[in-house]
Amino acid sequence: MKHFLLLITAFFATTGLLSQTSLNNAYSRLGIGLIEAPGSVNHFGMGGLNSFQFEANAVNLYNPASYANLSKVVFQIAGKGNFSTISNSSTSTKYNGGQVQEIAMGFKKGGSKWGFAFGLTPYSSVGYSVTSTAMVNDSTQVIYKNDGSGGLNKFTLGASRNFRLYKLPKGDTTLVGTAKFAADQRLKEKRDSLEYVSSKLNIGVNFNVLFGSLNNVRKVEYDNTRYFGTRATSKTSINDIAFDAGFQYRKPIHLKWDDKKVVASTYLMAGGSYQLATNLRAKYDDIGEMYIYSNGVDALVDTSYIVTAQNGSFELPERISLGVGLMHIGSEGRVLTYGLEFRTQDWSKFSGTFQEELGAQSLGRYTYIGAGVEFTPNAGENSNLLGRTTYRLGARNTQTYINVNGSNDCSAGCVCRFLNADLRKSHIE
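Attention here is on the structure that accompanies the text. (Residues numbered from 1 in each chain as written. Predicted model: local features only at pLDDT ≥ 70, side-chain atom pairs only at ≥ 80, totals over all residues. Heavy atoms only, no water.)

### Observations regarding the overall build of the chain
Step number 1: Scanning the chain from terminus to terminus reveals 5 helices and 14 strands.
Step number 2: Counting only residues that meet the buried cut, the chain has 44% of its 429 residues in that class.
Step number 3: For the chain, the share of sequence-separated contacts (at least 6 apart) that also reach a separation of at least 24 residues comes to 72%.
Step number 4: Here the chain has roughly 21,800 Å² of accessible surface; of this, 56% comes from carbon and sulfur atoms. (Helix = DSSP H or I, 4+ residues; strand = E, 2+ residues; numbered from the N terminus. Buried < 20%, exposed > 50% of the residue type's maximum accessible area, 1.4 Å probe, protein only. Contact = heavy atoms within 4.5 Å. Areas by Shrake-Rupley, 256 points an atom, 1.4 Å probe, with all protein chains shown as cover.)

### Brief notes about the environment of Ile 143
Step number 1: One can find Ile 143 in strand S5 (residues 141-164).
Step number 2: Each C-alpha atom of the pair Ile 143 and Asp 223 lies 7.9 Å from the other, and the pair is 80 residues apart in sequence.
Step number 3: Beyond its immediate stretch of four places on either side in the chain, Ile 143 contacts Thr 131, Ser 132, Thr 133, Lys 219, Val 220 and Glu 221.

### Side note on the nonpolar core
Step number 1: Counting 34 residues, the largest nonpolar core has Ile 32 and Trp 347 as its most contacted members.
Step number 2: If you list the elements that add at least two residues to this core, you get strand S4 (114-135), strand S6 (200-222), strand S7 (229-258), strand S8 (261-275), strand S9 (278-294), strand S10 (297-316) and strand S13 (365-376).
Step number 3: The next biggest cluster of nonpolar side chains, apart from the first, holds 8 residues, and it includes Val 59, Tyr 62, Leu 70 and Ala 104. (Core = buried A, V, L, I, M, F, W, Y, C linked by side-chain atoms within 4.5 Å.)

### Focus: the pairing of S4
Step number 1: Sheet analysis places strand S1 (residues 34-35) next to S4, joined by 2 bridges and oriented antiparallel. Directly across from Ile 35, in S4, lies its bridge partner Ser 124.
Step number 2: Both S4 and S5 contribute to a ladder of 21 bridges, which runs antiparallel. Residue Phe 118 lies in a different strand from S5, and its bridge partner there is Leu 157. (Pairing = 2+ DSSP bridges.)

Quick look at the structure:
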């Protein structure tokens, strides 16, 4: 109990780190920000695969069916760094950032069919600062600025159940003494062996709370103090629930026996998850102001309009993930796993009360295809450190959901033109 309380304390003590990100990417202006790739360290190492793995010592929040595979209480924290370059025929811009990717805990009682987990992960991130200039006349220059911050976090509480696709052998209730003890030992061995030679099916569900805000400040400034600058500050706040469900299936397709013991095996594994399309409640605040910019200071002149706590909603599109893999367990303790996975989510269906403010017209279908392999030379307890280490390699191909000017391969210039158009619109209003 003491260790459990320490884990709970550590969980809540580190949740504040999720918001500490140094993202700087103009694409995060669109929709609800840049959607975080699902998974933790284990999954990223295999190209992002996270649907079918039967993991006993790691929490997989992205397929709730996996919780029934846990063998103990697990507490994990994962971090992520991003390094990317966006370029076109004339310019190239580099972006980098980092943040805590996941804080999670999983539980399963020995012998139970049920597994449970909860955790906190970033769902989307917003962070950008875009500036451009233009000439109003021969003597006056206008500066357009667009800055954004925020994003959504996701708190997950889930449960899953294991369904045995075989019948457990029953013991002889008439035996007593030494005969009963010996019979019970043989019965336990039979039941344990059935765990390895029979098919397994897990089904799970997640209850998710999405919360956070998307903040945007749009400015139009002049280098001539005879003109007032304009500033529009908007905030879209979201706090609602969403659900997703998943399954995992494992079937032995080859077993090697030696003296009635399985010494090597090959398993076919499959898994998938489905996030329901959800209508999320949102509130929108916007304030327009005029000011004079001089010597690096904004001096407020007047407030032109205020929109406070306007209620609305938008539809979060459904997401489908499917994966399949093979796992080979050798007689020397070698474990080799490899697989494929496909994911899709149609963000063109992202619509709602504030879709124009969130740039919904610039979103399209997201697709992901990934492949990966992991290898453990010797998973036995008597193996050395290098032998017990798991090595992973993966690759993925992703079509982004950003679709500015009818293309999924939009350059940074496309985004800048979209932002500048947004700025000019707010200035005219």
